[in-house]
Amino acid sequence: MMQSKPFAKIPGATYAISNTGPLISAFQSDSFELITKIFPTVFISTVCMDELEEHGWKDEIQAASPQLVVMKLTVEEKERALSFARQISQHPDTNDPVMENHLGESQAIVLALRSEHKNDLLLMDELAARSIAKQAGIKLSGFPGVLLLAAQVGLISAEELKKRLELCKEKGTHYGVKFIKQVYEMVKR
Amino acid sequence: MVTKSTHEPKAKVMSATDVWYDAREIASVLKHNLLESEPMVRVQIPLSTFLNAVENLDREELLILQKHIETRLAS
């Protein structure tokens, strides 16, 4: 699962780099396979991998292989990630001022900034980290955005989208009832 | 039995409006990458037909066309 050599990309395909939150939502709602219908491979950092394991998703990680690939950051990239973690910890939209708690998001940002990912997409839900990633010029989406796109192109129905977001909510992800209703109604626009 | 938990459950996440723009962003990136990989073919059509087709392009497609024309003019 750990990738060190350059990755051979399929021409025309778009790949995803993910933070921990969107992957947990995907596992909670059994949506990882759906994600790979849009992005053939999802890249994560070693910190993200550790966080997923700490949260008890080891079996799902193994089942997601080989579409889920762990990338090791260089020493320089880790330094750069620390700088992003500091920015996230000081952002007005964060509830957590501890820099070390933002290493997952910041390492995902650094991975997304690699030249081989310049046409790829970062999956990230947390508002502060999304803001910092956007400032760095990264194209991104949260997990619900992937579901909405999937529904808009007919990979899943509006009802299926709603069911998946509700499953995430039941399992602890903070998607409110109003939020789920609003996203569900967007499919019909 | 393994207890499964959520990451940073109290973190502020995106609004429904953000989700709408996220889906549009994904669609735009997917479309761009597909167009980038598409091979070029020479088609013999009247210039007026081509200009008419340009009228129906969206902004992103116009930008791709602009880039293509600039490359041709620079060569």
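Attention in this report is confined to the structure presented alongside it. (Residues numbered from 1 in each chain as written. Chains lettered and ligands numbered in written order. Predicted model: local features only at pLDDT ≥ 70, side-chain atom pairs only at ≥ 80, totals over all residues.)

1. Quick word on the interface of chain A and chain B
Counting residues at the interface gives 36 residues for chain A and 27 residues for chain B. Looking at the side of chain A that touches chain B, the elements with two or more residues in it are α1 (20-28), α7 (127-135), α8 (143-152) and α10 (177-186) of chain A. Per-element tally for the side of chain A that touches chain B: the top contributor is α8(A), with six residues. Here the side of chain A that touches chain B is composed, by residue class, of 13 nonpolar, 16 polar and seven charged. (Contact = placed C-beta atoms within 7 Å. Helix = DSSP H or I, 4+ residues; strand = E, 2+ residues; numbered from the N terminus. Nonpolar A, V, L, I, M, F, W, Y, C, P; charged D, E, K, R; others polar.)

2. Considerations on helix α9 (residues 158-170) of chain A
It helps to recall that an α-helix has 3.6 residues per turn; residues three or four apart then point in one direction. All names here are of chain A. For α9, built from 13 residues, the straight-helix expectation of 18 Å at 1.5 Å per residue is met to within 8% by its first-to-last C-alpha distance of 18 Å. The set of residues buried in α9 consists of L161, R164, L165 and C168. For α9, the buried positions fall inside an angular range of 95 degrees around the axis, keeping them on one side. The exposed set on the far side of α9, more than 90 degrees from its buried face, consists of E159 and E170. On its buried side, α9 packs onto α1, α8 and α10. Just beyond α9, the residue with positive phi is G172, at close to 110 degrees. (Expected span 1.5 Å × (residues − 1). Buried ≥ 20, exposed ≤ 12 C-beta atoms within 10 Å, placed from the backbone. Arc of directions from axis to C-beta.)

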